[in-house]
Structure formats: structure tokens, C-alpha cells
Amino acid sequence: MPPAQYVTTDGKANFPEQHLSTHKYHSGIDIMHRVFLWFVIFFAITTLSAHAETQTLAKLLQPIQVANGVYYFKGSLNSRSYDNQAFNLNTGFVVTDEGVVVIDAGASRQVGAAIEQAIATVTDAPIVAVINTGSQDHRWLGNGHFAGKGIPIIALARTVQTQQAFAEQHLARLSELLRDRLEGTEAVTSQAPIMTDHHTITFGNTRFELIWGGNAHFPGDIMVWLPEQQIVFSGDIVYTERLTGIHPWSSITGLRQAFATLEALQPRIVIPGHGAAGPLAKARAQSGDYYDFLFTEIRLAIDNWDELDATTNRLANAPAFRHLRHFDAWHRVNINRVWLQLEAQ
């Protein structure tokens, strides 16, 4: 397992600019050189793309440190697969004086065990709790690994209710994808669901605030706020580098409310549910602004009695968000689903 990596607060790497000279005339040797150069570049891109498509769980479970004692695992930005074991999300952990608190458990018992092993490359402190931020399968179906060791699962009642409602559907879907890698996985939820919408719990010298700001990607999604560190684990409230998907059970109103709740915390670092960690401005630009764009533009269209097809075509380009991965797969779907939600209100 490679050692922990550091990430800058803007989540970006800086590369020196490469300048190509422009001439009206090139010799045959120069042309051959350029053809060879483009061949090398094409081969490199193709190789990297193939590598990205075959990311394994072991490659993904590399702890990334964002502050003293605060880490996350950056999941694949590609679709879930047998190779990545549905680890196309971010999970995390916090090392406290009392032990390690895990943020989300992965998609299966096997993934939960792999998360524990990856944490052991950073610290030999025991795991004392697992916090669930949401109800999508890969956020919580690994609970069984930890619960089987007597480690408590911490979740709001809202989250548990949704987990239980979706459990059968999620297990059936994952069984087709993960096959033998789902063996032994059961729908294990918190045995003591928290009935409030804002709960504070302390481990050692570290405070964790579990905050529900609105039904978001799934009903009951929460964020985990570390007030002393000014870091928030957003769960599926924030996506960076890739576009969020609006499901039939998602709520555009709830997503905006939840993001506003997160934004009011003024975190120094946002660890999103998907994509690289970074400052609040990045979360705002790649998630908060997108929710506002969908809500504002579609609300206006409905109020003006515009047709859905015409509105979809008008909003289809969305240049501020087109660079995000999965834009082509999700954006038109998102417009349609937000329209249906707002029209029903």
C-alpha cells in the first residue's frame, strides 16, 4: 500500500505550460518528428484511459491526508465495476485520541475489511465507530464487517429509514455486479438510530457533528462536520470532478437546502462524496451552482409555460458544467427529473 498522500486545498496539481512553435514551413524531418510525438501522446492517453478503466479496489484505497489525523479514500470517477467493487465514491477516517472513526463503510463486507486494512497502513489505533452519511448502497453495506467486530454504527434515524427501504433493491443490484465479492454481505444498520437532525458526538479530543440539511441525493443524507478542523465530509451532497445524478428519489430542493447548510459552516476543506477534496469555492462551483442552475432555469421555464423538450434543448449545453465527467450521461436526465419534481409542486 503506497504511503499517504497530501492534497492541496484547491485540489489541483500545477503543470508547466508547454509551448509549440508555429512555423509556416516544416522540414520532412520536423513533420516526422511531430507525427512521432503525436503518436507517443496518443499512446500515452490510450494507456492511461485503459488503466483508469481497470482500477482495482487496492489501487483506490490509498489514504489521502487533508489535515492532521483526517484522511479520505478517493474512489473511482468511473462507473462501478467488478474490479473496483463499487468503490466509485469517497469514504474517510479520522484518527482521534480514543481511536479511529470511519466515515462510510463501502459496498460490501469485503470492502469494509479492505478499508480497515488500508487504515492500518496509517495507524494501529483501533476503530471505535463507523458513521454513515447516506443510504446509497456503497456508503453502508460494508457495515456488517465492522458490526461483526462489535464496532458501533452511528447514523441518524432518517438515514437508517432510507437504508432499510432500499436494502433489498441494493443487494439485488450489487449481486449482479459483484457476484462472489458480495458474499457474506447483509443489510446491517445502526442499532441505535439518532432521532435528531443535528447530533454532536465526541471521541477523544475530536468533535463530530452529524447534520441533516434536507433530503438530497437520497432521503436522509447528512454531512459530518469537524468544527475544530473546519473540515466537512459532505457525503453525496457535494460532487466534484464529476456531475451528480438526480434520481427519482432525489430532491433538487433538498439538495439546495443541504448545500446551503454546508455552506453556512464555511468549511476550510470539503471532502466530497465523489471527486477530489478542496475548498468551499470548488464545491460551490461544481455542485452548489449546478443545483441553483437546474432549479432556477427550470422553475422559470415552468412558470413561463415552456415545453419540456424545448427547455431541455435550451439548457443542454450548460458550459459551466460540461467539463464535469458523466455530463453527457446525466445532464439531460437531470433536467427531465427536476422538471417533473418542480411541476408537481
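Below, the structure is looked at part by part. (Residues numbered from 1 in each chain as written. Predicted model: local features only at pLDDT ≥ 70, side-chain atom pairs only at ≥ 80, totals over all residues. Heavy atoms only, no water.)

Points about the packing of helix α9 (residues 308-315) against helix α10 (residues 327-344)
- In contact at an axis separation of 10 Å, α9 and α10 are set at 140° when each is read in the N-to-C sense. As the angle between them shows, α9 and α10 are arranged oblique. With respect to the hand of their crossing, α9 and α10 are arranged in right-handed fashion. Residue-level contacts link Leu308, Thr311, Thr312, Asn313 and Leu315 of α9 to His331, Arg332, Ile335, Asn336 and Trp339 of α10.
- By residue class, the composition of the contact of α9 with α10 is 4 nonpolar, 5 polar and 1 charged. (Axes fitted to C-alpha atoms, helices over the stretch in contact; angles between N-to-C directions. Helix = DSSP H or I, 4+ residues; strand = E, 2+ residues; numbered from the N terminus. Parallel < 35°, antiparallel > 145°, perpendicular 65-115°, else oblique. Left-handed = near helix turned anticlockwise from the far one by under 90°. Contact = heavy atoms within 4.5 Å. Nonpolar A, V, L, I, M, F, W, Y, C, P; charged D, E, K, R; others polar.)

A short note on unusual backbone geometry
- For glutamine 85, which is not a glycine, the phi torsion comes out positive at approximately 55°.
- Of note, the phi angle at alanine 86 is positive, near 65°, even though the residue is not glycine.
- Alanine 86 sits in the buried class, given a relative accessible area of 1%. (Buried < 20%, exposed > 50% of the residue type's maximum accessible area, 1.4 Å probe, protein only.)

Examining the nonpolar core
- The biggest cluster of nonpolar side chains holds 34 residues, and the ones touching the most others in it are Leu294, Ile298 and Phe321.
- When residues in this core are grouped by element, the largest group, 10 residues, is from helix α8 (residues 280-303).
- Ignoring anything within four residues of it in the chain, the contact list for isoleucine 298 reads Phe293, Leu315, Ile335, Val338, Trp339 and Leu342.
- The next biggest cluster of nonpolar side chains, apart from the first, holds 26 residues, and it includes Ile64, Phe203, Ile222 and Ile231. (Core = buried A, V, L, I, M, F, W, Y, C linked by side-chain atoms within 4.5 Å.)

What about the packing of aromatic side chains?
- Applying the stated criterion to the full structure yields 8 aromatic pairs.
- Centroid distance phenylalanine 73 to phenylalanine 93: 5.5 Å. Interplanar angle 35°. Geometry classified as tilted. Residue phenylalanine 73 is found in strand β3 (residues 70-73), and its partner phenylalanine 93 is found in strand β4 (residues 91-95); the two are separated by 20 residues along the sequence.
- Residue phenylalanine 73 is classed as buried on the basis of its relative accessible area of 0%. (Phe/Tyr/Trp six-rings, centres within 6.5 Å; stacked < 30°, edge-to-face > 60°.)

A few points about the sheet that holds strand β9 (residues 206-211)
- A sheet is described by the order of its strands in space; here 5 strands give the open sequence β8-β9-β10-β11-β12, paired in mixed fashion. Edge positions in the sheet fall to β8 (198-203) and β12 (269-274), since each has one partner strand and no second. Going from strand to strand, the sheet's axes swing by 25° on average, the running direction of each strand aside.
- Each of β9, β10 (223-226), β11 (231-239) and β12 is contacted by helix α7 (residues 252-264), which is oriented at about 165° to β11, the strand it contacts most. (Pairing = 2+ DSSP bridges.)

Description of the environment of phenylalanine 293
- Relative to the elements of secondary structure, phenylalanine 293 occurs in helix α8.
- Ignoring anything within four residues of it in the chain, the contact list for phenylalanine 293 reads Ile298, Leu315, Ala318, Phe321 and His331.

What to know about the packing of α8 against α9
- Their axes nearest at 11 Å, the elements α8 and α9 cross at an angle of 140°. What the angle tells us is that α8 and α9 run oblique. The hand of the α8/α9 crossing is right-handed. Contacts between α8 and α9 involve Phe293, Glu297, Ile298 and Ala301 on the former and, on the latter, Thr311, Arg314 and Leu315.
- Among the residues making up the contact of α8 with α9, the classes are represented as 4 nonpolar, 1 polar and 2 charged.

Quick notes on α7
- In this model, α7 (13 residues) spans 18 Å end to end at C-alpha, consistent with the 18 Å of a helix rising 1.5 Å per residue.
- Along α7, the residues that are buried comprise Ile252, Gly254, Leu255, Ala258, Phe259 and Leu262. Taken end-on, α7 shows its buried residues confined to a sector of 155°, consistent with a single buried face.
- Residues of α7 that are buried make contact with β10, β11, β12, α8 and α10.
- Looking one or two residues beyond α7, the residue adopting positive phi is glutamine 266, at roughly 50°. (Expected span 1.5 Å × (residues − 1). Arc of directions from axis to C-beta.)

Taken by themselves, the reported measurements are silent on function.
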